[in-house]
Every structure is written in structure tokens, then in C-alpha cells.
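Coordinates in review
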Amino acid sequence: MDETQSPINLWGKRLVLGVTGSIAAYKAVGLLRAFAREGAAVSVVMTQAATKFVTPLTFEVLSGKRVATDLFESHEEMAHLIVPGQAQAIIVAPATANFLAKAALGLADDLLSTMLLNAQCPVIVAPAMDGDMWTHPTVVQHVQVLRGRGVVVLDPEVGPLASGQVAQGRLPAESRILDAVHAALIPQQDWQGQRVLVSAGPTQEPIDPVRFISNRSSGKMGYAIAEAARDRGAEVVLVTGPAALAPPPGVTTVSVNTASEMSDALSLHFLSSTVLIMAAAVADFRLKMPAEQKLKKQGKSELILELESTPDILAMLSARRTSQIMVGFAAETEQVLSHAKDKLREKGLDLIVANDVAQAGGGFGSDDNAVVILSATGEQKALGLMPKRRLADKILTAVRELCLSAPRRESLVE
Ligand code: C5P
């Protein structure tokens, strides 16, 4: 492909290209250029054996970065290579049988294998070896182990090999490796065309000008859903109560304080939305009469506050819905599923995400969560403890499968 016509699919992505000691190591040069043409910043790590086939200088010139070859050397590139979370994908091409064995067993005797043990990003492996090696039971087993752990191991291609054999062992074509990297890094645009309204965070109900009633919601779940929907192509409006999180870029964010303000903001955007995801922990009660001045404690041994219930936003919007899909959350500490089922029915929802906030490791404030999704049509899907951003994607997939792909609901408005 002409370089000027290359798509910039990998713009700004930080990739690590691991090169191991196969005769196909020279093909990694083409791969590096392809990544760079698509806008990626690539750091190359070579094993000692790889340097016998291609010099580090070749990759240094093309990547503009020092090539790391030794676990014990020290230069500025090293720090960023070994810190987990820095790379967005690690691609090992070509990968030898020796590399597959070390990765499967978790050996860490050189920089590349050590990095794999640190990796928090997708790992894509493109093997190249003799045909008899690829079909050897040991290699077959190592590939199985790696795939079982979520590593993308591409099948090598059939063709003439360095040994003279014609067999399966050739490095997968550059386009196949690029496709695997795209699939790992570029989210599906399966929410394109949807206008998603998300609520997040707690509300604050004033007691007086300086005090309020609130709850432990951090907003992390709702923000993660807003970001995931944006990344999957949706137009997103986020209505958020007070949360210590930065407004997500590319999302229209509306900040509110009280349940009543949240109700107004959601009402404004509801009819033009296709999906409402109500992840906010809206206060159920507020003061009947918040004090206009700061309450004084002098002379008082007790203070009784009179509360009234807040409007149930979901129930109110559900009564006004035209064709919107409505998803609620149920944060519970006991009888989680039966309470969630009641809310699903009472609030007229399509889906409810039931969340046991008393469980260890998940719930309010945590970066992780485990939930059960219940649908109005009786489906139930349990999602184990995982980061909220991943959970957000799974919730969006469930909404798409259970609601958006289902036959369009009839308008409830005459
Ligand atoms: O009834 P409960 O507050 O437990 O229901 C939880 C669901 O209802 C959440 O999706 C929450 O955002 C929503 N809710 C609401 N209006 C309220 C209280 C909760 O829409 N006043």
C-alpha cells in the first residue's frame, strides 16, 4: 500500500514489538514500518538470538528509539518498557518455539519474557518455526496454555520454510498480524447511532448551606459506562452528581447536586436519547425544609430532621418513554436478586444491574465490581469481579444483545 494512503488506525498507540531469534526476524522490520505508518509509537525489544539475524541498529533507525536487548542494561527506554501499564499491546513477531515455552511457563530470564509477566495489555504472538516443531506436542501444549490465558497466538502459515520443508511454520502475513492488533486495540463501533444518557455518582441533599445527606457512590461505574459507550461509537450525555472524577473527553457532561436537579437534567435529554443507563445512586430521601442558615448546635442535645422521599426518576421517565431502552441499577446489601427483580418490574425497566455492595472487593468506591444482569424477559447473566471499565463493556454488550437487537418495542405513547 502507498504510504500516504495508510489509515492511521493506530494513531498514538504505544506498542512493544518483541523480536525473537528466528530466520523470519527480518520480517519484523516491515511490521515495524507498518505500525509506524499507522501512527503507533513502537518500542522494539530483541532477544539475544534475534540480534544474530538483524542488528538492533536497523530497528533503532526505523523506530527512532533505542532498542532494548538486555534485562540488565539501563537507558531511558528501559524504564518505560518494564513499567506495567505503559504498553497498549505487546506483539511478538516472530516468536520461536523457545519463546512460546518460556511464555507458557512464566520464565523471566530476559527482558521480553520478563515484560510478559508484567503485561496488563493484549499480547499478540506470531510464531515462525519449522513445521515439525509447530506440530510437536510440547509446542502444541504451550500454545494451548497461552491461548487459555487470553494471549492471541496466530497460526503460522503453510509454505516453503528455511529448512526446505513445505509445511505450516511461516510467519503469519503482515496483514494478519495488523488485523489482530487492530482487533485488540480498536473497539467495535457497535453502539454507533445510539444516543446514550448515563447518570452517575451520588446526589447531595442539603440540610443547611454547609451540610448535606449523601452516599458512598464514587461515580466510577457510571463514568466507565459513559466512556465505553463513547468508545463504541455512541453519542453520550453523562449527568453526574458530585464525583472526584475528570469529565470524560468526548462526552457531554452535566453536573448536578440534588436528586431534583438530576431529575431535571435527565428529563431534558431523555426524549432525544435511545438508551438511558441509570447508574447514579440517587438519594431516596431529602430534607422537607432545608435550613436557610447554618444550623447551630448550641443548647441542643438532639436534632431531628424531617425527611421526605425524592421523586423516583426512573419510574417518572419510564412513564414518559417513547421507545427508549431503560437500564437501572440495584445496589443491595441483602436478597440482592429478589430486590432487583422487584425494582425491574416496579420501575418498568428493560434491564437491571444488580450489585451486592456488601461484597468484598467490589461495590462503592472500588475499581472492581461483580454484578448480575436481569432482563424483563427473564434472562439472567452473572458477571464476576472485574475492573469497572471491563464490566461497563460487558453491560453494554448485554444491553445490545438483550434489548437493542431484540425487535423494536412498540411506542407506549398513543
Ligand atoms: O429504588 P432504588 O433507589 O434502590 O433503585 C435503584 C435504581 O433507581 C437506580 O438505577 C437509581 O439510579 C434509580 N433511582 C431513581 N430515582 C430515585 C432513586 C433511585 O431513578 N429517586
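First, a word on scope: everything that follows refers to the structure included in this document. (Residues numbered from 1 in each chain as written. Predicted model: local features only at pLDDT ≥ 70, side-chain atom pairs only at ≥ 80, totals over all residues. Heavy atoms only, no water.)

1. Some words on the overall build of the chain
As a reminder of what qualifies: The way it works is that DSSP assigns letters per residue, a run of H or I at least four long becomes a helix, a run of E at least two long becomes a strand, and they are numbered from the N terminus. Categorising residues by exposure relies on relative accessible area from a 1.4 Å probe, with only protein chains included: less than 20% of the type maximum marks a residue as buried, more than 50% marks it as exposed, and the intermediate range marks it as partly exposed. What makes two residues a contact is simply this: any of their non-hydrogen atoms within 4.5 Å. Computed by Shrake-Rupley with a 1.4 Å probe, the accessible areas treat only the displayed protein chains as cover when residues are assessed. We score Asp and Glu as negative and Lys and Arg as positive, and we do not count His or the chain ends. Taken as the charge location is NZ of Lys, CZ of Arg, CG of Asp or CD of Glu.
Looking only at helices and strands, one finds 14 helices and 19 strands in the chain. Projected onto the principal axes, the alpha-carbon positions of the chain cover approximately 90 × 55 × 45 Å. Burial status across the chain gives 47% buried among its 414 residues. Counting contacts in the chain only where the partners sit at least 6 residues apart, residues at least 24 apart contribute 66% of the total. Put simply, the chain shows about 20,200 Å² of open surface, and 53% of that area lies on carbon and sulfur atoms. With 39 positive and 43 negative side-chain charges, the chain shows a spacing of 2 Å between the two charge centroids.

2. Structural notes on the sheet that holds strand β3 (residues 89-95)
Test applied: We treat two strands as partners when DSSP finds at least two bridges between them.
Spatially, β2-β1-β3-β4-β5 is the arrangement adopted by the five strands of the open sheet, whose pairing is parallel. A strand with exactly one partner marks an edge of an open sheet, and here the two such strands are β2 (41-46) and β5 (152-153). As judged from the four bridges shared by strand β1 (residues 14-19) and β3, these two strands associate in the parallel manner. Of the residues in β3, the one forming a bridge with Leu 17 is Ile 91.

3. So, the pattern of salt bridges
We count it as follows: A pair is scored as a salt bridge if a Lys or Arg side-chain nitrogen falls within 4 Å of a carboxyl oxygen belonging to Asp or Glu.
Under the defined criterion, the tally for this structure stands at 19 salt bridges. The residue Arg 389 makes a salt bridge to Asp 231 at a minimum N-O spacing of 2.4 Å. Of this pair, Arg 389 sits in helix α14 (residues 388-404) while Asp 231 is found in helix α10 (residues 220-231), placing the two residues 158 residues apart along the sequence. Its relative accessible area of 24% is what places Asp 231 among the partly exposed residues.

4. Quick look at the sheet that holds strand β11 (residues 235-240)
In any sheet, the strands associate via hydrogen bonds between backbone groups, in a parallel or an antiparallel arrangement. Condition: Axes, fitted as lines to C-alpha atoms, cover a helix only where it is in contact. Angles between the N-to-C directions of the axes lie from 0 to 180 degrees.
The eight strands are arranged β12-β11-β8-β13-β16-β17-β18-β19 in an open sheet whose pairing can be described as mixed. The open sheet has two edge strands with one neighbour each: β12 (252-255) and β19 (380-387). Geometrically, the sheet is characterised by an average inter-axis angle of 15° between neighbouring strands, direction not taken into account.

5. A word on the site of the ligand
Worth spelling out the cut-off: In this text, near means that some heavy atom of the residue lies within 4 Å of the molecule or strand in question. Two N or O atoms count as a polar contact when they lie within 3.5 Å, although within protein this holds only if one can serve as hydrogen donor and the other as acceptor, and sequence-adjacent residues are included solely when both atoms are side-chain atoms. A 1.4 Å probe that fits but cannot get out identifies a cavity on a 1 Å grid over protein atoms alone, an open set with protein on both sides within 12 Å along at least five of seven lines counts as a pocket, and a residue lines either if it has an atom within 4 Å of a point. Here the criterion for a molecule occupying a pocket or cavity is that more than half of its atoms lie within 2 Å of the pocket grid points. Under this grouping Gly is polar, as are all residues other than the nonpolar Ala, Val, Leu, Ile, Met, Phe, Trp, Tyr, Cys and Pro and the charged Asp, Glu, Lys and Arg.
Around the ligand, 14 residues are found, and the nearest of them are Met 278, Ala 280, Leu 314, Phe 329 and Lys 343. Separating an oxygen atom of the ligand from a backbone N or O atom of Ala 280 is a distance of 2.6 Å. The backbone of Leu 314 places a nitrogen or oxygen atom 2.9 Å from an oxygen atom of the ligand. When isolated, the ligand has an accessible area of 450 Å², and the protein chains bury 88% of it. More than half of the atoms of the ligand fall within 2 Å of the grid points belonging to the second largest pocket. Elements supplying a minimum of two residues to the shell around the ligand: α12 (313-320) and β16 (325-332). Of the residues assigned to the shell around the ligand, the class counts are eight nonpolar, two polar and four charged.

Everything listed here is a matter of geometry and, on its own, says nothing about what the molecule does.
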